[in-house]
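Structure assessment
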Amino acid sequence: MKEEIIIAGFGGQGVLSMGKILAYSGMMQDKEISWMPSYGPEMRGGTCNVTVVISDTRISSPILNTYDTAIILNQQSMDKFEDKVRPGGLLIFDINGITRFPVRKDIKICKIDAVDVATKIGNNKAYNMVVLGAYLKEKPIVTLENVEKGLKKSLPQRHWDSIPQNQEAIRSGMESVVEL
Amino acid sequence: MGDKVLMKGNEALAYGAIDCGADGYFGYPITPQSEVMETLMKEMPWETTGMVVLQAESETASINMVYGGACTGKKCMTSTSSPGISLMCEGLSYLAGAELPCVVVDVVRGGPGLGTIQPGQGDYFQMVKGGGHGDYHTVVLSPASVQDMYDFVGLGFKLAFKYLTPCIILGDGVIGQMMEKVQLRDKTPRWTEEEIKKISPWACTGKKGRKRNVITSLALDPSVMEETNLRLQARYRKMEKEDVMFENYKTEDADYLFVAYGCMSRIGETAVDMAREKGIKVGLLRPITLFPFPTAEIDRLVPQLKSIMSIELSSGQMVEDVRLAVNGRVPVGFYGRMGGSVPSPEEILNALMNFIK
């Protein structure tokens, strides 16, 4: 198993932390992992992305040009990464940041209204966990049990009381993802 | 053995320093390596191992603090990125001249000048060929994973004290910023004063009961200065004999060879696999020590090869050492990106295909 993922959106949407939680979850599942962020001014706003690789075997390049999955949270990232999904791959996007839907026919395309879902469960801060849930529904590469362990590893202890809400957001995301 | 944890390369440098029993870290923040000091300040090792962590007022100050600490036989280190390393080069030359061990990390970014904060390898000439003035080298280690970043701090001190020289860890923005799993090692305690006296009898530890030790890089008498130079050169020859390190990736049956270090060796590995899927037998040689350079290993591989290509985040720096090792026996190509741009494995493969067609 080898899954190469790009997560891209605006700084502040939780792109890097979503990738981090996915990476930690992969580690709890005894996988090899790499997490390579775009770093610099992006984290203060502007577009931002992270490449996560989860694999059974040694990972060579942490920097890639094509991906098995793209998780897209704004239009700039859609323009940049739609073409970079490998044929047969997966593209998940949040409809709120998007003005032009993807047009590829050779990949699986899923949408989610993550802002709506996060608002409905009363936890806007868990927006990125809703998106993560949508991804894990389509590609259950890590178990929810390991995601919980991953959350514990990546969050400081003072935030552990928010883990149940994060898990709820993941579950809601899983229920709300729609294949186009 | 400790835990397996997920961390950034820069964080790994900090934990590597604490766990190998370093005595002091002096630094000044600069992207893309600011997490080193950030992590040390968060971990507060002065409360546990007694390690000193200090933010200096500039890179010039931090390298001279390292000089001061190293004079007392302590394991001292600093870290910075390219513009900072330029400021440290005077200090590095003094450390080399005074035969002082220390670890200096350069997490390279694109240059020249203030450049960019994105990854680069344009400091190869500066670090591998010396950097400061005068006839000197330092051991230069090239990490290609977060685990390397963790392990090379301890290894760096080992080599620095073996050869009484600064040891450079020449990283890059990719290895500094990426997160991977790291196997933590058993913690090595800091040396006691008694141990320091035994390990480094040259150190300034208080002269009670012995003749005073003098540490300086100044020798106005040319014959004395030449003695120092001869001693340094003898050490460099010993390094070349005893401590060359490299890693081979699928070189056994290779017709073509990439030579790459740091993040480029990782990207190159993927390009090797892609080439082999097309039936082209490519291998990769990754120098782990850039000085001493694995000249003998290239020499050993040349007879089986049709050509060699150096791939770097520079306009072509390490390729000069590759050419010297090959000595005209097979064509040596080069592909590089500059100014903070990082090529994809596909791009590397295309460059190779263009070169060998």
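Residues numbered from 1 in each chain as written. Chains lettered and ligands numbered in written order. Predicted model: local features only at pLDDT ≥ 70, side-chain atom pairs only at ≥ 80, totals over all residues. Heavy atoms only, no water.

All right, on to the domain arrangement of chain B then. Residue and element names in this part refer to chain B. Here the domain parsing of chain B yields domain 1 (4–194) and domain 2 (248–356). Placing a centre on the C-alpha atoms of domain 1 and another on those of domain 2 gives a separation of 27 Å. Each partner contributes residues to the interface: domain 1 has 30 residues there, and domain 2 has 25 residues. Carbon and sulfur atoms supply 56% of the area that domain 1 and domain 2 bury against each other, a total of about 2,100 Å² over both sides. At the junction of domain 1 with domain 2, the criterion picks out 3 salt bridges. The closest approach of N and O atoms between R286 and D148, which form a salt bridge, is 2.9 Å. Where domain 1 meets domain 2, there are 16 residue pairs in polar contact (both at pLDDT 80 or more). Considering only residue class, the side of domain 1 that touches domain 2 consists of 14 nonpolar, 11 polar and 5 charged. (Domains from an automatic or database assignment. Contact = heavy atoms within 4.5 Å. Buried area = accessible area lost by both parts, 1.4 Å probe. Salt bridge = Lys/Arg side-chain N within 4 Å of Asp/Glu carboxyl O. Polar contact = N/O pair within 3.5 Å; in protein donor to acceptor, adjacent residues only side chain to side chain. Nonpolar A, V, L, I, M, F, W, Y, C, P; charged D, E, K, R; others polar.)

Moving on, we get to the pattern of salt bridges. Using the criterion set out here, one finds 35 salt bridges over all chains in the structure. The shortest N-O distance in the salt bridge between A:E4 and A:K2 comes to 3.6 Å. When its relative accessible area of 44% is taken as the criterion, A:K2 is described as partly exposed. Here B:D243 and B:K162 are joined by a salt bridge, their closest N and O atoms 2.8 Å apart. Residue B:D243 is found in the loop between α9 (222–242) and β9 (246–249), and its partner B:K162 is found in helix α6 (residues 146–163); the two are separated by 81 residues along the sequence. Exposure remark for B:D243: the relative accessible area of 16% places this residue in the buried category. One salt-bridge network, in which partners are shared between bridges, spans A:R58, B:D148, B:E247, B:E269 and B:R286. (Buried < 20%, exposed > 50% of the residue type's maximum accessible area, 1.4 Å probe, protein only. Helix = DSSP H or I, 4+ residues; strand = E, 2+ residues; numbered from the N terminus.)

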